Amino acid sequence: MDRPADCYHCGEPVPDGPAIVALLQGVDQPMCCVGCKAVAEFIQSSGLTAFYEHRDQPDADLNLTPEATDWQRFDSADLLNRYVFADDDHAEATIDIGGMYCSACVWLFDNALEGLAGIDAVDVNPATRRSVVRWQPDQLQFSEVLAAIARVGFKPSPVAAGEISASTEDEYKVALKRLIVAAAAGMQVMMFAVALYAGDYFGIEGTIEKFLRTISLLVTIPIVFYSARPFFTGAWRGIRARNPGMDLPVSIAILVAFTASTYATWVNHGDIYFDSVAMFVFFLSATRFLEMRARHRADDHALALAQLLPDTAIRVTDGETEIVLLDQLRPGDTLSIRPGDVLPADGRIISGELCLDESMLTGESMPVQHVSSTEVLAGAVVRRGNAMLTVSRTGASTSLAEIGRMLDRAKADRPPIALLADRIASRFVVGVLAIATSSAIAWYFIDPARAFEVALATLVVTCPCALALATPAAIAAATARLAKSGFLLVRSRILEVFNLADVIVLDKTGTLTEGRPVVLKTEVLTSDAPDSDELLAIAAAIETASEHVLARGFSLFYAPGKFSPKDVVVIPGHGVEAIVDGSRYRIGAAKFVAGLSRSELPTTGEAGNTEVFLGDERKVLARFDVGDELRADARTAIDALKRSGFVPIIASGDREPAVRRVANQLSIDSWHAGLSPAAKLDLIHELRDQGRTVIMVGDGINDAPVLAAADASIALDAGTALARASADAVSLGRKLGSIVTAADVASRTRRIIRQNIAWAIVYNATAVPLAVSGLLAPWMAAIGMSASSLIVVVNALRLHRAEPDGAGNTRQAGSQVIEREAIS
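Analysis parameters
- Residues numbered from 1 in each chain as written.
- Predicted model: local features only at pLDDT ≥ 70, side-chain atom pairs only at ≥ 80, totals over all residues.
- Heavy atoms only, no water.
- Helix = DSSP H or I, 4+ residues; strand = E, 2+ residues; numbered from the N terminus.
- Buried < 20%, exposed > 50% of the residue type's maximum accessible area, 1.4 Å probe, protein only.
- Contact = heavy atoms within 4.5 Å.
- Areas by Shrake-Rupley, 256 points an atom, 1.4 Å probe, with all protein chains shown as cover.
- Axes fitted to C-alpha atoms, helices over the stretch in contact; angles between N-to-C directions.
- Parallel < 35°, antiparallel > 145°, perpendicular 65-115°, else oblique.
- Nonpolar A, V, L, I, M, F, W, Y, C, P; charged D, E, K, R; others polar.
- Phe/Tyr/Trp six-rings, centres within 6.5 Å; stacked < 30°, edge-to-face > 60°.
- Lys NZ or Arg CZ within 6 Å of the ring centre and 35° of its normal.
- Pairing = 2+ DSSP bridges.
- Expected span 1.5 Å × (residues − 1).
- Salt bridge = Lys/Arg side-chain N within 4 Å of Asp/Glu carboxyl O.
- Core = buried A, V, L, I, M, F, W, Y, C linked by side-chain atoms within 4.5 Å.
- Domains from an automatic or database assignment.
- Polar contact = N/O pair within 3.5 Å; in protein donor to acceptor, adjacent residues only side chain to side chain.

Enquirer: Please set out the overall build of the protein residue by residue, giving values where relevant.
Expert: Along the protein, the regular secondary structure elements total 26 helices and 29 strands. Looking at the protein as a whole, 51% of its 824 residues are labelled buried. Within the protein, counting contacts between residues at least 6 apart in sequence, those at least 24 apart form 67% of the total. A total accessible area of about 36600 Å² is found for the protein, and carbon and sulfur atoms account for 56% of it.

Enquirer: Mind laying out the packing of helix α14 (residues 448-461) against helix α26 (residues 778-797), listing which residues take part and the relevant values?
Expert: Two numbers describe how α14 lies on α26: the axes approach to 8 Å, and their chain directions differ by 5°. As the angle between them shows, α14 and α26 are arranged roughly parallel. Taking contact as the criterion, the partners of Glu453, Leu456, Ala457, Val460 and Val461 in α14 are, on α26, Pro778, Ala781, Ala782 and Met785. Residues that form the contact of α14 with α26 fall into these classes: eight nonpolar, no polar and one charged.

Enquirer: Explain the packing of aromatic side chains to me, and be specific about the residues and the numbers.
Expert: Throughout the structure, instances matching the rule amount to 14 aromatic pairs. Summarising the aromatic geometry, the rings of Phe554 and Phe624 are spaced 5.3 Å apart at their centres and angled 90° between planes, so their arrangement reads as edge-to-face. Taken together, the positions of Phe554 in the loop between α18 (532-543) and β20 (566-571) and Phe624 in strand β24 (residues 620-630) put the pair 70 residues apart, joining distant regions of the chain. Taken as a pair, Phe554 and Phe624 share a single burial class, namely buried. Through a chain of ring-to-ring contacts, the aromatic side chains of Trp71, Phe74, Tyr83, Trp135 and Phe142 assemble into a single cluster. Sitting above the plane of the Tyr226 ring, Arg178 keeps its charged end 4.8 Å from the centroid.

Enquirer: Give me the lowdown on the sheet that holds strand β15 (residues 381-384), citing residues and values where you can.
Expert: Across the sheet, which stays open at both edges, the three strands sit in the order β13-β12-β15 with antiparallel pairing between neighbours. Two strands bound the open sheet, and with one partner strand each, they are β13 (368-370) and β15. Put simply, the sheet's adjacent strands are angled 45° from each other on average, direction ignored. Here three bridges tie strand β12 (residues 354-357) to β13, and the two strands are oriented antiparallel to one another. Pairing of Leu356 across the sheet is with Val368, part of β13.

Enquirer: An account of helix α9 (residues 247-267) is requested, with residue identities and associated values reported.
Expert: The end-to-end C-alpha distance of α9 is 30 Å, a good match for the 30 Å that 21 residues give at a rise of 1.5 Å each. Within the sequence span of α9, burial applies to Asp247, Leu248, Pro249, Val250, Ser251, Ala253, Ile254, Ala257, Phe258, Ser261, Ala264 and Thr265. Count one or two residues on from α9 and you reach Asn268, which has phi positive near 60°.

Enquirer: Provide a residue-level description of the pattern of salt bridges, including the pertinent values.
Expert: Opposite charge on two side chains permits pairing when their charged atoms draw close. A complete count under the given rule lists 22 salt bridges for this structure. The shortest N-O distance in the salt bridge between Asp341 and Arg338 comes to 3.9 Å. By relative accessible area, Asp341 is classed as buried at 19%. A salt bridge links Glu523 to Arg623; its shortest N-O distance comes to 2.2 Å. Here Arg623 lies in strand β24 and Glu523 lies in strand β19 (residues 513-524), a separation of 100 residues in the sequence. Among the ionic contacts, a cluster of salt bridges with common partners joins Asp528, Asp616, Arg618 and Lys619.

Enquirer: Go over the sheet that holds β24 with me, naming the residues and quoting the values.
Expert: Judged by pairing direction, the sheet is antiparallel, and its six strands sit side by side in the order β19-β24-β23-β22-β21-β20 without closing on themselves. One side of each edge strand has no neighbouring strand; the edge strands of this open sheet are β19 and β20. Within this sheet the neighbouring strands show an average axis-to-axis angle of 20°, counted without direction. Sheet topology places β19 next to β24; eight bridges connect them, and they run antiparallel. Residue pairing for β24: Glu523 is matched across the bridge by Arg623.

Enquirer: Please set out the nonpolar core residue by residue, giving values where relevant.
Expert: The biggest cluster of nonpolar side chains holds 46 residues, and the ones touching the most others in it are Phe487, Phe498, Leu512, Ile695 and Ile714. It is helix α25 (residues 737-772) that contributes the most residues to this core, eight residues altogether. Mapping this core onto the domain boundaries places at least three of its residues in each of domain 3 (169-301 + 409-475 + 750-800) and domain 5 (487-507 + 631-742). Counting residues in hydrophobic clusters, the runner-up holds 41 residues, among them Ala185, Leu284, Ala457 and Leu776.

Enquirer: Account for the environment of Leu325, naming residues and giving values.
Expert: One can find Leu325 in strand β9 (residues 320-325). Once the C-alpha coordinates of Leu325 and Ile314 are considered, the two residues, eleven residues apart in sequence, prove to be 9.0 Å apart. Once residues lying within four places of it in the same chain are set aside, the contact partners of Leu325 are Asp311 and Thr312.

Enquirer: Could you give me a rundown of the packing of α14 against α25, with the residues and numbers involved?
Expert: Packing of α14 against α25 leaves a shortest axis separation of 8 Å and a crossing angle of 170°. Considering their axes alone, α14 and α25 lie roughly antiparallel with respect to each other. Between α14, through Val454, Ala457, Thr458 and Val461, and α25, the contact on the second element is made entirely by Tyr763, Asn764, Ala767, Val768, Ala771 and Val772. Split by residue class, the contact of α14 with α25 holds eight nonpolar, two polar and no charged.

Enquirer: Describe the side chain of Ser251, and please don't skip the residues or the numbers.
Expert: Along the chain, the position of Ser251 falls in helix α9. Looking at Ser251, its side chain comes within polar contact range of the main-chain oxygen of Phe231, at 2.9 Å. Filtering out sequence-adjacent residues up to four positions away, Ser251 remains in contact with Phe231, Phe232 and Ala235.

As structure tokens, then:
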């Protein structure tokens, strides 16, 4: 009995030697090695043998033989820091899945992991062969997750922040090779075709004509069997899934035209269509290549971010400096930062000041000044200043790494409009085949000699490539465009909701405002007191001893060395008392401060802000209004959203005077104060019950349920991880303007999708009658269909360009410089 040639599991040739078999569903199946045997038996014992029934055959260049790997090394602190993001209850990692090549592989991967105790979520993108896995670290170690993936025959490879997927790079290289082959061989075929067309007109010797036909056949072979291979693979996958796509009519047209031309060449009689095949494959491959590049633009952005990070950092320990690798950094480490450095980790400035270029992170074109106690992000470039930095997040936990994970999720997400387009294209394919068959039958009775030519032209011209590309090309371009502007799509359905929504609900603190206390106003209460600047400096020096949240508002005015408070006493709930330059001062509540000089209580100012008083032993000297500051572009963003047709509503848990003040400054008519998280949720439900489509913008932990309840939601990057996890998009940086840009890009995306679909309909309505009537030759049909698809993709790529907004400014990341506005 002959030995089977290939391994049942991986498809590799079975080597000579003792036979290795695995008993699967009662049948001995040949295996190439004990590794494949172990994997196959595990799949059998796990009840997952349906994988073998539904899988495609693996590509010849894929090596699926299991490898022995020491997965436990990934539990080391350095590798966990590089690859795994962990919070209190969950851990998350992005993993490249080697050996995943069809939908059955995705099914096997999902079922193998989801049956593992401790796994919370598994998101797989079969196009990039990359997965985001979330698990409970108290139940599973990272090595156990990787081993579970390897146990079913895949080759897991953890991905660090911003690493480009190996499959993405391979896809680009292979697509480029196929395109080059199609172009080079296609030019030669066209040269031979010109000679043959000239021979038909002027006459040509029979031997020369046969030679040109034969050489055309030979040159077309690599075009059909190499460059056009993705069309055949896609068509077969659609047939197996009983969901035919646009690759089916494309494949039929190529094979029918090539087979008929090969036969005509062999018998030296009849028309050949090698030129049509070459043009068809080249133009369609070029269209697919452009569409692929549009999808990869978001990867380019993530890769550019990751390349910003340095290889090492300067760590300071007990006054001694050392150069360490980034994997060795831990939260709590102190780093020395100098001009020209790139911040290696997220952290907080503990001394000094930095002027940072954050354009690649947030889209903010102008450098941003950061002072002591402010948070800074990995990847920012230091333009000026020196500082000491305390590390808060490193490796896979940094904001930069989270951007990469969000981009991975966005690529795996398909909005409803894309799914609808797929269903329409699938039904359209059946119609295309019916029209081509009908035209062949009709022309067989009209003019049998032209029946094949007309049917081929009809099949080619009606391929629904433009229709199938209309939506995904536009969404891919929009996603990449928004990523550059500091607006990351987590679920691309938000693009549709932007065009349907009429209400945008915004939290106040941290969304419309900066979310941190600042001194908004200083009022000197006595004529013989020092000026306001000196009083602020005295107050700031005393407040350095306080841990109260309001004390942070004075940090901008602290001048080290100018005033040195002594005998500092902090009285919780009242304020701080200290001696400065020989005089005793108190800062805090009015009654506490007035008690030092036994003077009358000072009058209060306007409601809405918190008042802090400063006094000495003689009298109360000054009143400081401490409150939350409007975001730099809040008024401009709200005005732009109003012009776009949105009704802004404030939903805040803050006090009524503070919310009213913000609403008045932003000219927002509808606002709600003192709302609990449950009350915010009720507000969203009430609006939706009224038939309104609601977008929610927030940043806090208590905003997470509300974000999930709205039709679509946006979290600010400065907000909590829980808020970002619940949102459909994340706005980076400190400006609300990216939300306005997103609304504009969503509108343009819808317009371009409609243009693309309209063009596809008009093209088919015009071209099909011409093809069916015999007025289009197959080469004309190939050019027409390819040009139609190319127009759709190029039109979608227009989304990469910035367009002027309503105010006449170019809507580009960070292009507007808006005067800072305070709530005063």
